[in-house]
Amino acid sequence: MTDVRDLEKILADYRAQGVSKVKLGLTDIDGVIRGKYVGLAKFASLMTKAGGFCDCVFGWDVDDQLYDAGTYTGWHTGFPDAAYRLVTASERFLPEENCPYFIGEFVGPDDGSEPTAHPLCPRTRLREVLERLTAYGWQARAGFEYEFFVFDETPHSVRDKGYRELTPLTPGNFGYSVLRNSQEAELFAGLMDYAAAVDCELEGLHCETGPGVWEGALSAAPALEAADRAALFKTFSKVFFAHHGLLATFMAKWSMDYPGQSGHFHFSLEDEHGNVFFNGDANQGISNLQRHAIAGLARYLPELIVMLAPTVNSYTRLVKGAWAPTAATWGVENRTTAIRAIPAGASGQRIECRAGGADGNPYLVAAAVLGAALRGIEEQLEPGPAVDGNAYDLQDGLPAEQQFPGNLRDAAQRFAQSTVAQDLFGAAFVEHFTMSRLWEAREYERHVNSWQLERYFEII
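Residues numbered from 1 in each chain as written. Predicted model: local features only at pLDDT ≥ 70, side-chain atom pairs only at ≥ 80, totals over all residues. Heavy atoms only, no water.

Draft legend 1. Summary view of the pattern of salt bridges. Applying the stated criterion across every chain, the model contains 30 salt bridges. With a shortest N-O distance of 3.7 Å, Asp 199 and Arg 229 are connected by a salt bridge. One end of the pair, Asp 199, is in the loop between α6 (185–197) and β9 (202–207); the other, Arg 229, is in helix α7 (residues 223–243), and 30 residues separate them in sequence. Residue class for Asp 199 comes out partly exposed when judged on its relative accessible area of 33%. The class for Arg 229 is buried, based on a relative accessible area of 11%. Glu 303 is the salt-bridge partner of Arg 299, the closest N and O atoms lying 3.1 Å from each other. Taken together, the positions of Arg 299 and Glu 303, both in helix α8 (residues 288–304) and 4 residues apart, correspond to about one turn of that helix. A relative accessible area of 42% means that Arg 299 is categorised as partly exposed. Residues participating in the shared-partner salt-bridge network are Arg 85, Glu 105, Arg 123, Arg 127, Glu 131 and Asp 228. (Salt bridge = Lys/Arg side-chain N within 4 Å of Asp/Glu carboxyl O. Helix = DSSP H or I, 4+ residues; strand = E, 2+ residues; numbered from the N terminus. Buried < 20%, exposed > 50% of the residue type's maximum accessible area, 1.4 Å probe, protein only.)

Spelled out as structure tokens, the structure:
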């Protein structure tokens, strides 16, 4: 917690800037940031002790509908407050609101000394995987890439249109187009500046193929910070576009006419000497540790895929020929595989996991990928041969356990049976997350097809 002397200076600085409130946000199971404003007096209290946030955020879905199962919370518990703490190092300033923003993290019951870890908090699930890496002397460095569509629409207009016949920001297929990003230079430059202002700096931003589709690559950072930035970017980029009368979606696939929106995850491991994935004497610079990490992903991604593809809509993207993988294959600089080894020397040697969609919760994506890689290292697994050519051509010959489930229900049931998931994330999380995904599948099954758009279009 913050030292009282430091807190007094922080409050004095805020008052000098005319700041009268602070915004805080906590990320739920689906990756939606739930939060509120608090006055400076309440903020001062939160900087010295835990606060309380209604635990209904673990008991409802993205449409705020209460789950009909689960043991952690519900009508049977009375929906009490869940304790949370502010991550004091997460402060950034929202200039348009003249307001500081802090990330919150749920914590377990306080036993009188220090709060314990919360069993369902996505940020905590990632942090505990990172602590397991730290025990080996490794730090994970990571970066997210997101594809998203931008529309000349508003939250009201998309609903009035029933999410049909929407007007994209720009027409046509203009992948990597200098013409389009120059025509919309104010928006492109504006989003980069806005992201940097809220400490979610983009290292690259370009048009992707399709009407109004963009791709942003967030700058690499320590893995927990990278996930923080990714979660904030998904929310605050929507805020940026809303201020311009536009709307962005991070659905995995909003239309079957276009490829899906990915949420690729790049990572490497470092020790005190540098990048442990790089070995200058090895083929393509791939060290033993990187090879074992690749093998862990190839072995365990299929049973953890629901953490990377958490919605019904996710599985419309994971199909052949749509720039998304369908099985846990790997290759060197091969964009048809799920796991792409990138030989980039001592400074950039890394792995790209291409399985996740833009709809994934960044904390859970990172936790699943890094957890699978860690298990591969611990078990000294060896990957099969790297795919040379089109990975889709090989899918039919792969064993069933290497192929990704084709729908959310199957993915959730596979996750429920995973002993690796239990070990990495805890039994309580596995039970709750499985329950929430099966609920999601049932909700879809009892609705018409437009349900996917109405449910995921704006919020994910």
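Past the structure itself, the notes keep going.
Draft legend 2. Representation of helix α10 (residues 362–378). In this model α10 runs 24 Å from its N-terminal to its C-terminal C-alpha over 17 residues, within 8% of the 24 Å that 1.5 Å per residue would give. Among the 17 residues in α10, 16 count as buried, and that is most of the element. Backbone nitrogen of Tyr 363 and a side-chain oxygen of the N-cap are separated by 3.1 Å at the start of α10; the cap is Asn 361. Immediately beyond the C-terminal end of α10, within one or two residues, lies Gln 380, with a positive phi of roughly 50 degrees. (Expected span 1.5 Å × (residues − 1). Polar contact = N/O pair within 3.5 Å; in protein donor to acceptor, adjacent residues only side chain to side chain.)

Draft legend 3. The arrangement of the side chain of Ser 90 in detail. As for its position among the elements, Ser 90 is in the loop between β4 (81–86) and β5 (92–94). In terms of polar contacts, Ser 90 uses its side chain to reach the backbone carbonyl oxygen of Val 87, at 2.6 Å.

Draft legend 4. Molecular detail of helix α11 (residues 408–416). Along α11, the residues classified as buried are Leu 408, Ala 411, Ala 412 and Phe 415. The buried residues of α11 occupy an angular sector of 100 degrees when projected down its axis, which confines them to one face. Contacts made by the buried residues of α11 are with α8, α12 (419–425) and α13 (427–445). Sitting at the amino-terminal end of α11 is Asn 407, which places a side-chain oxygen 3.2 Å from the backbone nitrogen of Arg 409. (Arc of directions from axis to C-beta. Contact = heavy atoms within 4.5 Å.)

Draft legend 5. Structural view of the packing of aromatic side chains. Taken as a whole, this structure holds 34 aromatic pairs when the rule is applied. Here Phe 144 and Tyr 146 contribute two aromatic rings whose centre-to-centre distance is 5.9 Å and whose plane-to-plane angle is 10 degrees, an arrangement assigned as stacked. Measuring from centroid to centroid gives 5.1 Å for Phe 148 and Phe 250, while their planes differ by 25 degrees, and the two rings are stacked. With Phe 148 in strand β8 (residues 139–151) and Phe 250 in the loop between β12 (247–249) and β13 (263–271), this pair connects stretches of sequence that are 102 residues apart. A relative accessible area of 0% places Phe 250 in the buried class. (Phe/Tyr/Trp six-rings, centres within 6.5 Å; stacked < 30°, edge-to-face > 60°.)

Draft legend 6. Main features of the environment of Glu 333. Counting through the fold element by element, Glu 333 comes out in the loop between β15 (330–332) and β16 (339–342). Given the relative accessible area of 40%, Glu 333 is considered partly exposed. For the pair formed by Glu 333 and Val 387, sequence separation is 54 residues and the distance between their alpha carbons is 9.9 Å. Excluding its chain neighbours within four sequence positions, the residues that come into contact with Glu 333 are Arg 340, Ala 341, Ile 342 and Pro 343. Here Arg 340 takes part through its side chain, which lies 2.5 Å from a polar atom of the side chain of Glu 333.

Draft legend 7. Layout of the pairing of strand β17 (residues 350–353). Taken together, the 3 bridges between β13 and β17 define a ladder with antiparallel strand orientation. Note that in β17 the partner of Phe 265 across the bridge is Cys 353. In the sheet, β16 pairs with β17 via 4 bridges, with the strands oriented antiparallel. The residue of β17 that forms the bridge with Ile 339 is Cys 353. (Pairing = 2+ DSSP bridges.)

Draft legend 8. Representation of unusual backbone geometry in the model. Located in the positive-phi region is Asp 64, a residue other than glycine, with phi close to 60 degrees. Here Asp 64 is to be found in the loop between β3 (51–54) and β4. Taking relative accessible area as the criterion, Asp 64 reaches 37% and is therefore assigned partly exposed. Despite not being glycine, Tyr 176 has its phi angle at roughly 60 degrees, a positive value. For Tyr 176, the position within the fold is in the loop between α4 (155–160) and α5 (178–183). Judged by its relative accessible area of 59%, Tyr 176 is exposed.

Such coordinate-based values are descriptive only and should not be taken to indicate function.
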